[in-house]
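Commentary on secondary and tertiary structure
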Amino acid sequence: MLRREFLRLSTAAAGLSIIDIGARAWAASGDDASPRRLVVVLLRGAVDGLNVVVPYSDTIYYEARPTIAVPRARQQDGALDLDGRFGLHPALAPLMPMWQERSLAFIHAAGSPDPTRSHFDAQDYMESGTPGRKATPDGWMNRLLAQLPGKRSATTGVAFGPTLPRSFAGEMRVTNIATGRAANNPMPIDRPIINAAFDQLYSGDDPLSRAYREGVGARAKLLDDLQQDMVQADHGAPSPVGFAQDTQHLVDLIKRDPGVQLAFFDLGGWDTHVNQGTSEGQLANHLKPLAEGLGVLARGLGASYRDTVIVVMSEFGRTVHENGNRGTDHGHGNAMWVMGGAVKGGRVYGVWPGLTDSALYQGRDLAVTTDFRSALALVLERHLRLDKHALDLVFPGAPPAPAAITGMV
Amino acid sequence: MANGSALIRHVSDRLGYGPRPGDLDRIAETGVDRWIDQQLHPASIPVPPQLDQRMAQFVTLRMSPPQLFVEYGPRVGLEPGAKPTPEEQQERARRLQFVVGEAIAARLMRAIESPRQLEELLAEFWFNHFNVFIGKELDRLWTGAYVEEAIRPHLFGRFRDLLGATAKHPAMLFYLDNWLNTAPGSPGARGQFEGLNENYARELMELHTLGVDGGYSQADVIALARILTGWTIGPIGPGRQGQQPRVTSFLGPMRIFRGGERPRVEGPRALGPRGQGRGVFVFDPDRHDGTDKTLLGRLIRGRGIEEGEEALDMLARSPATARHISLKLAQFLLADHPDKQVVDAMAKTFLGSDGDITAVLRTLFASEAFRAPSSFGTRFKTPYRYVVSAVRAAGVPVVNFRPLEGILNQLGERPYACLTPDGYKSSEDAWLNPDAMMRRVSFAVAFARGNMRLELPPEEGMEQGAPPPLRPPAQRGTVVDPAALLKTLGEDRFSQRTLAAIIGAAPELRSAMLLGAPEFMRF
């Protein structure tokens, strides 16, 4: 089952070839069969972590959120109990099997040390991996790509979306995979008559001709795959929609090309200032497809789920108290989700600062007790086997992981 | 004469975005040196009345930041303290998109149609040098105003004026966070104004003036940040007579100035008639660190806003700044790796003329390196230059700029959309890659056949950033005529091999091949 997109080369570096994606798949099946992988899902807009991993045993939570709190565990439409203290939003029920088999964990009160409540700045800092520093030219996942042990190809890092995300910006080549409708639009250069005409203009050995010919080769291959896809789609079931469709694409890509090691997704729609809902409603409607997509990914990876870590994070959390519109405003600390065979799951990690007035950040928000960089660095060190020097290059100046999370991977 | 026409093409390519129909003849008539001189004095070049009329249609371009905030901002139609409904939020997003769309369309329109081409090139250059990101909250409202008020009035003037105008513009104060920059422990330090914010101070030295190797230390960054504490965004909105206006932003309530010392409010410079009324740059003494500082080895006496002016004077006149600005200008106008002698000569002019940008450009354009035929047509166009030059060459009167914005987004250079403060790059290694070649060639085909319908009003449902569809002839816009295009661009721009291939191709592909040829990818 092959479902391929127009792969898009997105970095500045030219010279390498993306034509050999298939060839690499053959080569990779011979050596160390299972490269370790990291999948990052960035929830843009600041998801309300207190309604995702619900502190249902804390009465302050219910006092602060009279109309939008998720009911206690074992109540009607209540949170799904995790550890007697926290419960999962019921829309995330598809993730409970992973919790029960202990491959899903959360780090509560995680986030960025930077105080900004600007979506743009907070995302920028999270993606550059250097909170407070704007001039960092590249993203942390691109720097990570450069530090991964072993062989690399153009598809070692893949980003799903219309353009290359900030997280993957940088010198290393990354493949961009279009999502949604735009992925299937052919380009004029795909037409044989147009292609043949331009071939004559770019037959030399100059940099432009080389780039042109490499581009044509890649397009031809992708068109070929697309055609195969269409044939198969005629026989297959209707394709899933949204995020689950994109994670299915990643599964297919990994099956074909096991060299894929880093993947990035982003999802929007979490900025719930108004009517965010409780067990149902706006937030629930966004969590549901997210959980389904993650379920597709976990199941689809099969045995390679063992070698995969999936991290879900968001630029900051939301206010502890609900606002006057049954929503929440921009806050600080949030929950990070960590999933995969390498994860020691079934636990909520981190230091829980509590929700008492004196514990709140600037008197209104969940405090941050785990720097997101130290949580990611832990995954990089234990799972992707980066050494200290490499970690410093990916997350310069990151604090060490607090003891409360070191058992996580 | 062959050399003469090559030089004419060269200056048309390098002092602008390439020729429009008839431009090469006009430069030949005027004479290259006189034409360059005119470009250095844009007021001497008349702007066609149609362009003035069309520019006048961009209503938000004539508005100041406070006006934009009041008429298009997040609080329009809301009572103080009220939260917007989902419908109101949608309407707000639509209004913001309108302001953004006008700023980008205006930029493209002038680049395509203005005969003052060097002015447009410099508007691109100086914006990139003092980059802000049009996607960052309030900068959606203010980036267009920033270009009009802080960048464009100073393109040919003194570097110090450009530096001061950008330092005080709310778009920059917001983008690099200096509006939050507060002396810890000062009377105004509370809430989100809780302490020092070094962002702007750092970029001011690293990117805007001295350059990364300009000889400053982290201690200098902190000193400069302290000097600039209290440089902030002030009262916006209609305050009632005798009352301090309450100000809100996307980020929550801004500070209310209390009794005692009043904040010093200053209108942005060079505003003309728009500048009347309340400006939005203010110096807030309550949040300023009034102690003495040492910046780059020099004592700066603590005394208020004048410290910042003194620091900007120092930075603007530093030899490191002269070198850094000269190198960047030469990289933009001459070569990715410009001749060191030229850069040194430009830096010397910069220092000797107190940062007179026109004088520095004159040194560059008079240099041998700039006029050496060996450098003609050797540079790879950025996506922006490629697209603008194609539309210019075809002479299409663009009405709908959205498809151009979409193509530029795909190619990675949507105007004003560079996230990081260093701005878009102009070098070949930043932009030449296989995917870019496929997209440029595909754009050339769609554009030359009239598939992008730029001269027609927008259609509903055109997906932003989608590849241009191939349309049947009945739905197309103007098809670009290859003979006219060849005349506009100059036949001897193209190699015999390229011309032979084009003549051998199907007639309906010839314009696309001219625009997609290697000789048009370069300049």
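Criteria and cut-off values
- Residues numbered from 1 in each chain as written.
- Chains lettered and ligands numbered in written order.
- Predicted model: local features only at pLDDT ≥ 70, side-chain atom pairs only at ≥ 80, totals over all residues.
- Helix = DSSP H or I, 4+ residues; strand = E, 2+ residues; numbered from the N terminus.
- Buried ≥ 20, exposed ≤ 12 C-beta atoms within 10 Å, placed from the backbone.
- Contact = placed C-beta atoms within 7 Å.
- Pairing = 2+ DSSP bridges.
- Axes fitted to C-alpha atoms, helices over the stretch in contact; angles between N-to-C directions.
- Left-handed = near helix turned anticlockwise from the far one by under 90°.
- Nonpolar A, V, L, I, M, F, W, Y, C, P; charged D, E, K, R; others polar.
- Expected span 1.5 Å × (residues − 1).
- Parallel < 35°, antiparallel > 145°, perpendicular 65-115°, else oblique.
- Core = buried A, V, L, I, M, F, W, Y, C linked by C-beta atoms within 7 Å.
- Domains from an automatic or database assignment.
- pLDDT = per-residue confidence, 0-100.
- Arc of directions from axis to C-beta.

1. Observations concerning the overall build of chain A
Scanning chain A from N- to C-terminus turns up 11 helices and 13 strands. Within chain A, the proportion of its 409 residues that are buried is 54%. Considering only contacts within chain A whose residues lie at least 6 apart along the sequence, 75% involve residues at least 24 apart.

2. Remarks on the overall build of chain B
Along chain B, the regular secondary structure elements total 25 helices and 7 strands. Expressed as a percentage of the 523 residues in chain B, the buried residues total 49%.

3. With respect to the sheet that holds strand β4 (residues 80–81) of chain A
All names here are of chain A. Strand order across the open sheet formed by 3 strands is β3-β5-β4, with antiparallel pairing between neighbours. Each edge of the open sheet carries a strand with a single partner, namely β3 (53–54) and β4. Two strands pair when backbone bridges link them, and β4 and strand β5 (residues 87–88) are joined in this way by 2 bridges, in the antiparallel orientation. Each bridged residue has a counterpart across the sheet, and for L80 the counterpart in β5 is L88.

4. Regarding the environment of R26 of chain B
When you line up the elements, R26 of chain B lands in helix α2 (residues 23–30). Placed 18 residues apart in sequence, R26 of chain B and I8 of chain B show a C-alpha to C-alpha distance of 9.7 Å.

5. Side note on the packing of helix α5 (residues 65–72) of chain B against helix α8 (residues 139–151) of chain B
Residue and element names in this part refer to chain B. Here α5 crosses α8 at 150 degrees, and the two axes come no closer than 9 Å. Crossing handedness for the pair α5 and α8: right-handed. Judged by residue contacts, P65, L68, F69 and Y72 of α5 engage L141, W142 and A145 from α8. Looking at side-chain class alone, the contact of α5 with α8 contains 7 nonpolar, no polar and no charged residues.

6. Overview of the pairing of strand β7 (residues 157–160) of chain A
All names here are of chain A. Here β7 shows no split at all, with G157 and A159 on one side and V158 and F160 on the other all buried. One ladder, built from 3 bridges, connects β7 with strand β9 (residues 262–267); its direction is parallel. Bridge pairing links G157 to L262 in β9. One ladder, built from 3 bridges, connects β7 with strand β8 (residues 175–177); its direction is parallel. Counterpart to A159 in the pairing with β8 is N176.

7. So, helix α8 (residues 242–256) of chain A
For an α-helix, the turn length of 3.6 residues means that residues three or four places apart are oriented alike. Residue and element names in this part refer to chain A. The first and last C-alpha atoms of α8 sit 22 Å apart over 15 residues, in line with the 21 Å expected at 1.5 Å per residue. Of the residues making up α8, those classed as buried are F243, A244, D246, T247, H249, L250, V251, L253 and I254. In this fold, the buried residues of α8 make contact with β7, β8, β9 and α9 (282–301).

8. Thoughts on the packing of helix α11 (residues 199–208) of chain B against helix α12 (residues 218–227) of chain B
Residue and element names in this part refer to chain B. One can describe the packing of α11 onto α12 by two numbers: an axis separation of 8 Å at closest approach and a directional angle of 120 degrees. Between α11 and α12, the angle is such that the two are oblique. In the crossing of α11 with α12, the sense of the turn from one axis to the other is right-handed. In contact with A201, R202, L204 and M205 of α11, α12 contributes D220, V221, L224 and A225. Of the residues that constitute the contact of α11 with α12, the class distribution is 6 nonpolar, no polar and 2 charged.

9. A look at the interface of chain A and chain B
Across the boundary between the two partners, chain A contributes 39 residues, which contact 42 residues of chain B. Secondary structure elements with two or more residues in the side of chain A that touches chain B: β1 (7–9), α4 (119–128), α6 (192–199) and α7 (207–235) of chain A. The biggest single contributor to the side of chain A that touches chain B is α7 of chain A, with 8 residues. Grouping the constituent residues of the side of chain A that touches chain B by class yields 22 nonpolar, 9 polar and 8 charged.

10. Focus: unusual backbone geometry
Although it is not a glycine, R102 of chain A adopts a positive phi angle of roughly 65 degrees. Its location among the elements puts R102 of chain A in the loop between α3 (96–100) and β6 (104–111). Residue classification places R102 of chain A among the exposed positions, given that 12 C-beta atoms sit within 10 Å. A positive phi angle, near 50 degrees, is found at L296 of chain B, a position not held by glycine. Along the chain, L296 of chain B falls in the loop between β6 (293–295) and β7 (298–300).

11. A short note on the nonpolar core
Counting residues in each nonpolar core, the largest one holds 153 residues, and the members touching the most others are L224, L364 and M513 of chain B. Counting contributing residues per domain, this core is built from domain 1 (205–314) and domain 2 (383–516) of chain B, each supplying no fewer than three. Discounting residues that sit within four places of it in the chain, L224 of chain B has contacts with A201, L204, M205, L295 and A311 of chain B. Ranked by size, the runner-up nonpolar core spans 108 residues in total, among them A46, M339, A375 and L391 of chain A.

12. With respect to the environment of L51 of chain B
Residue and element names in this part refer to chain B. Looking at where L51 falls in the secondary structure, it is placed in helix α4 (residues 49–56). Separated by 33 residues in sequence, L51 and G18 place their C-alpha atoms 18 Å apart. Not counting residues within four places of it along the chain, the set of residues in contact with L51 comprises E113 and S114.

13. So, the pairing of strand β10 (residues 308–314) of chain A
All names here are of chain A. Summarising burial for β10: 7 of the 7 residues are buried, a large majority. Looking at chain direction, strand β2 (residues 37–43) and β10 are connected through 7 bridges and run parallel. Its bridge partner lying in β10, L38 is registered against V309.

14. Considerations on the confidence of the model for chain B
All names here are of chain B. When pLDDT is averaged along chain B, the result is 88; 88% of the residues meet or exceed 70. Taken together, the stretch residues 237–279 has pLDDT below 50 and engages in 70 contacts with residues farther than four places along the chain or on a different chain. Across residues 461–465 the pLDDT falls below 50, and counting only partners more than four positions away or on other chains, this stretch makes 9 contacts in the model. Across the assembled chains, the prediction reports ipTM 0.88 with pTM 0.78.

15. Brief notes about helix α13 (residues 305–316) of chain B
Residue and element names in this part refer to chain B. Relative to the 16 Å expected for 12 residues at 1.5 Å per residue, α13 spans 17 Å between its end C-alpha atoms, a close match to the ideal helical length. Among the residues making up α13, those that are buried are E307, G308, A311, L312, L315 and A316. Seen from one end, α13 has its buried residues packed into an arc of 165 degrees, which puts them on one side.

16. Focus: the confidence of the model for chain A
Residues and elements named next belong to chain A. On average, residues of chain A carry a pLDDT of 85, and 85% of them reach 70 or more. With pLDDT under 50 throughout, residues 1–32 is counted as low confidence; its partners more than four residues away or in other chains account for 74 contacts. For residues 233–240, every residue scores under 50 in pLDDT, and the model assigns this stretch 4 contacts once sequence neighbours within four places are set aside.

17. Some remarks on the environment of N409 of chain B
Following the sequence through the fold, N409 of chain B ends up in helix α19 (residues 402–410). Taking C-alpha positions, N409 of chain B is 34 Å from D25 of chain B, a pair spaced 384 residues apart along the chain.

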